[in-house]
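Summary of structural features
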Amino acid sequence: MGMNKNTILGWATFIMILMGLLLIALGAFRYRDVSGWGFVAVGVGFFANAWVFNALKGRV
């Protein structure tokens, strides 16, 4: 099973969405002080990167 560039970008998008959800959940439920805002901000950044990776599928 060979992985082409679209498959790799698809897996990267999926992994980044999972990591974004994990970081947002950590910020929302684990850390209730100021550090939680940082976790949420980084999680949203992971969502933005995943969106870019998804938009690149088929164009690269």
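The residue numbers shown here count from 1 along each chain, following its written sequence. Predicted model: local features are reported for residues with pLDDT of at least 70 only, side-chain atom pairs are reported and counted for 80 or more only, and whole-chain, interface and lining totals are derived from all residues. Side-chain metrics in this entry use all non-hydrogen atoms of the structure; hydrogen atoms and water are not considered.

Observations regarding the overall build of the protein
Of the regular secondary structure elements, the protein holds two helices and zero strands. Relative to its length of 60 residues, the protein is extended, with a C-alpha radius of gyration of 14 Å against a globular reference of 10 Å. For the protein, the C-alpha atoms occupy an extent of roughly 45 × 20 × 10 Å along the three principal directions. Every residue pair with non-hydrogen atoms within 4.5 Å of one another is taken to be in contact. Restricting to contacts in the protein with at least 6 residues of sequence separation, those with at least 24 account for 55%. Here the Shrake-Rupley method, with its probe set to 1.4 Å, supplies the accessible areas, and only the displayed protein chains count as covering residues. Summed over its atoms, the accessible surface of the protein is roughly 4,500 Å², and 73% of this surface lies on carbon and sulfur atoms. Strands here mean DSSP runs of E at least two residues long; helices mean DSSP runs of H or I at least four residues long; both are numbered from the N terminus. With C-alpha atoms as the basis for the radius of gyration, the globule rule is written as 2.2 Å multiplied by the number of residues raised to the power 0.38.

Some words on the UniProt feature "transmembrane region" (unreviewed entry) in the protein
UniProt positions are given in the numbering used here, feature names are shortened, and annotations may be inferred rather than shown by experiment. UniProt annotation of "transmembrane region" (unreviewed entry) refers to residues 7–29 and 35–56 when read in the numbering used here. A helix fraction of 100% and a strand fraction of 0% characterise residues 7–29, whose end C-alpha atoms lie 33 Å from each other. Annotated as residues 35–56, this span is 100% helix and 0% strand, and its ends, taken at the C-alpha atoms, are 32 Å apart.

Structural notes on helix 1 (residues 5–30)
Here helix 1 contains 26 residues, and its C-alpha end-to-end distance of 36 Å stays within 8% of the 38 Å for a straight helix at 1.5 Å per residue. Exposed residues in this analysis have more than 50% of their type's maximum accessible area, buried residues have under 20%, and partly exposed residues fall in between, with area computed by a 1.4 Å probe over protein chains only. Buried residues of helix 1: Leu9, Thr13, Met16, Gly20, Leu23 and Gly27, and no others. Residues of helix 1 that are buried sit in contact with helix 2 (34–56). Multiplying one less than the number of residues by 1.5 Å gives the expected span of a helix.

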